[in-house]
Amino acid sequence: MLLHIGIDDTDSPNGMCTTYLGALLYRELSRIAEPTDLPRLIRLNPNIPYKTRGNGAVVMTFEADEKIIPEIKDTVLFYVSQLADFEHENTNPGVVFLEGEVPDELREFSQKALREHVTIEEAEEVAREAGAEYFKFKLGRGVIGSLAAIGYPLERFTYELLVYREPENFGTPRRVNAESVFLADKWAYPFSYDNIDPYKRTVLITPHGKDPVLAGIRGINKAKVLQVFEMVEFEEPVAFYQLYKTNQNTDDHLTPKKIGELKLYDSAVVRGKVAGPYWERGRHVFFELEDETGKIRVAAFEPTKKFRNWVRKLLPGDEIIAAGGVKEHEGILTLNLEKFYPVKLVPKIEYRKPKCPKCGGTMKSKGDYLKCKRCGYKMPKKLIPVEVPRDLERKIYEVPPDARKHLSRPLVLPGGEDKILKLVEEYEELEG
């Protein structure tokens, strides 16, 4: 009998995380039942405000004799009840068990939980319809992620190897040799990626919270991920590690939409025209994007760093394809930009002073007339329009690694351009 187990919403700033609990359970349950595959780490909608860190749920599937299924369920519920940090207000775990094959309604639910906003009540109704058994702790919000993780098809996936700390080191600075991370990344990139930020020269595999994770190593090649782990020098004891299959860096959260269809918490790809000049506030860069259905404010926030420079080069009338998540900023629906592609750029015109018609010298402005620096010739002030090259290319621009969402696919990976280039092709077909 197949037994699917989903766990979510056990994270807290005080130390616990869902992947740690999932890894412990996977090790424990593998002693009495046969796992069908690696455990899966499923990231859900990154825009939900009450999400846990990374909004990730863990699911594992075992081939288990019906006689031991009650023991497995008791073990899971015991671990959650003992290890989850119930003192924290955002810790609201949910556990879901499903026996047999995954029905279609669960797959549909998982896609909605990935891209939109769903409620606990919706999750409970779907669980009942699918014949899944669920358990709620406190508010039980984790039922949403647990159920969605079980239903997630994971047709495209990456790997993440999570390295865990000894409990006595929880909450202390992580000790990992930075030079070894740079060397390992140079050897394995791009099959293992986002280990470093090459622009800031910083290490990205180590998180910053009090959770049990010492490091997380990502990649599309399982062997390369394991080899990077072997190459990195950890300067504190490693308790254990767990390799996960995951939907991270797949862009599966992005779905094409019209601007007028966008709702709060959506993740989407839209095509539109820049509706006016950009403006800045608190180091954030904003502009408006419109199509035939409506208009939305778009933001490149300060953590995206040099990415903002490309956004600043957009001009009113430019047609672009933009990908990101819809959140509320200052009470206004805002598309938080992850990537964009300039489809069609308007000419950029600069007005310049002419050369001196008498000697070819440089003219200098003198109120309402121009005067040649060389020969002193004077003429009425009339500037000449000149079209200058645009500094944007027809390519996808993306935020830097340390500002990237878990689900956003880096361009260095195969398929990193798919969601946007598909819309580009559709646009060109219409134009043609």
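What you see is a predicted model, and the numbers here were worked out from it, not measured in a lab.

1. Here's the deal with the packing of helix α6 (residues 178-188) against helix α7 (residues 222-231)
Running from amino to carboxyl end, α6 crosses α7 at an angle of 155°, the nearest separation of the two axes being 9 Å. The pairing of α6 with α7 is recorded here as roughly antiparallel in orientation. The hand of the α6/α7 crossing is right-handed. Counting all contacts with α6, which are made through Ser-180, Leu-183, Ala-184, Trp-187 and Ala-188, the residues of α7 involved are Lys-224, Gln-227, Val-228 and Met-231. Here the residues of the contact of α6 with α7 sort into 6 nonpolar, 2 polar and 1 charged.

2. Quick notes on the domain arrangement of the protein chain
If you check the domain split of the protein chain, you get domain 1 (2-151), domain 2 (158-246), domain 3 (255-345 + 390-431) and domain 4 (350-386). When each unit is reduced to the centre of its C-alpha atoms, the spacing between domain 1 and domain 2 is 25 Å. On the side of domain 2, 17 residues touch domain 1, which itself brings 20 residues to the contact. Taken over both partners, the interface formed by domain 1 and domain 2 buries close to 1500 Å², and the fraction arising from carbon and sulfur atoms is 62%. If you sort the residues of domain 1 by the area they bury against domain 2, Tyr-20, Leu-38 and Leu-41 come out on top, with a joint share of 35%. At the boundary of domain 1 and domain 2, one finds 1 salt bridge. At the surface where domain 1 touches domain 2, the tally comes to 7 residue pairs in polar contact (both at pLDDT 80 or more). A per-class count over the side of domain 1 that touches domain 2 returns 11 nonpolar, 4 polar and 5 charged.

3. Side note on helix α5 (residues 142-151)
Among the 10 residues of α5, 10 are classified as buried, and the element is accordingly described as predominantly covered. Taken together, the buried positions of α5 are Gly-142, Val-143, Ile-144, Gly-145, Ser-146, Leu-147, Ala-148, Ala-149, Ile-150 and Gly-151.

4. Concerning the UniProt feature "domain: TiaS C-terminal zinc ribbon" (unreviewed entry) in the protein chain
Under the present numbering, the feature "domain: TiaS C-terminal zinc ribbon" (unreviewed entry) in UniProt falls on residues 354-392. The distance from the first to the last C-alpha atom of residues 354-392 is 27 Å, and the span holds 0% helix and 41% strand.

5. Details of the packing of helix α3 (residues 104-115) against α5
Here α3 crosses α5 at 120°, and the two axes come no closer than 7 Å. Compared by their axis directions, α3 and α5 come out oblique. Here α3 runs over α5; the crossing is left-handed. Residues Leu-106, Arg-107, Phe-109, Ser-110 and Ala-113 of α3 lie in contact with α5, whose contacting residues are Ile-144, Leu-147, Ala-148, Ile-150 and Gly-151. Considering only residue class, the contact of α3 with α5 consists of 7 nonpolar, 2 polar and 1 charged.

6. Regarding the sheet that holds strand β23 (residues 378-380)
Read from one edge of the open sheet, 3 strands run β21-β22-β23, paired in antiparallel fashion. This sheet does not close on itself; its edge strands, each paired only once, are β21 (363-366) and β23. Between one strand and the next, the sheet's axes are offset by a mean angle of 30°, whatever the strand orientation. Bridge count between β21 and strand β22 (residues 369-372): 4 bridges; the pairing is antiparallel. Across the sheet, Lys-364 pairs through a bridge with Lys-371, a residue of β22.

7. Focus on the UniProt feature "domain: TiaS FLD" (unreviewed entry) in the protein chain
Per the UniProt record, "domain: TiaS FLD" (unreviewed entry) is found at residues 140-253. For residues 140-253, the helix share is 27%, the strand share is 26%, and the end-to-end C-alpha distance is 24 Å.

Scoring rules and cut-offs
- Residues numbered from 1 in each chain as written.
- Predicted model: local features only at pLDDT ≥ 70, side-chain atom pairs only at ≥ 80, totals over all residues.
- Heavy atoms only, no water.
- Axes fitted to C-alpha atoms, helices over the stretch in contact; angles between N-to-C directions.
- Helix = DSSP H or I, 4+ residues; strand = E, 2+ residues; numbered from the N terminus.
- Parallel < 35°, antiparallel > 145°, perpendicular 65-115°, else oblique.
- Left-handed = near helix turned anticlockwise from the far one by under 90°.
- Contact = heavy atoms within 4.5 Å.
- Nonpolar A, V, L, I, M, F, W, Y, C, P; charged D, E, K, R; others polar.
- Domains from an automatic or database assignment.
- Buried area = accessible area lost by both parts, 1.4 Å probe.
- Salt bridge = Lys/Arg side-chain N within 4 Å of Asp/Glu carboxyl O.
- Polar contact = N/O pair within 3.5 Å; in protein donor to acceptor, adjacent residues only side chain to side chain.
- Buried < 20%, exposed > 50% of the residue type's maximum accessible area, 1.4 Å probe, protein only.
- UniProt positions renumbered as here; feature names shortened; annotations may be inferred.
- Pairing = 2+ DSSP bridges.

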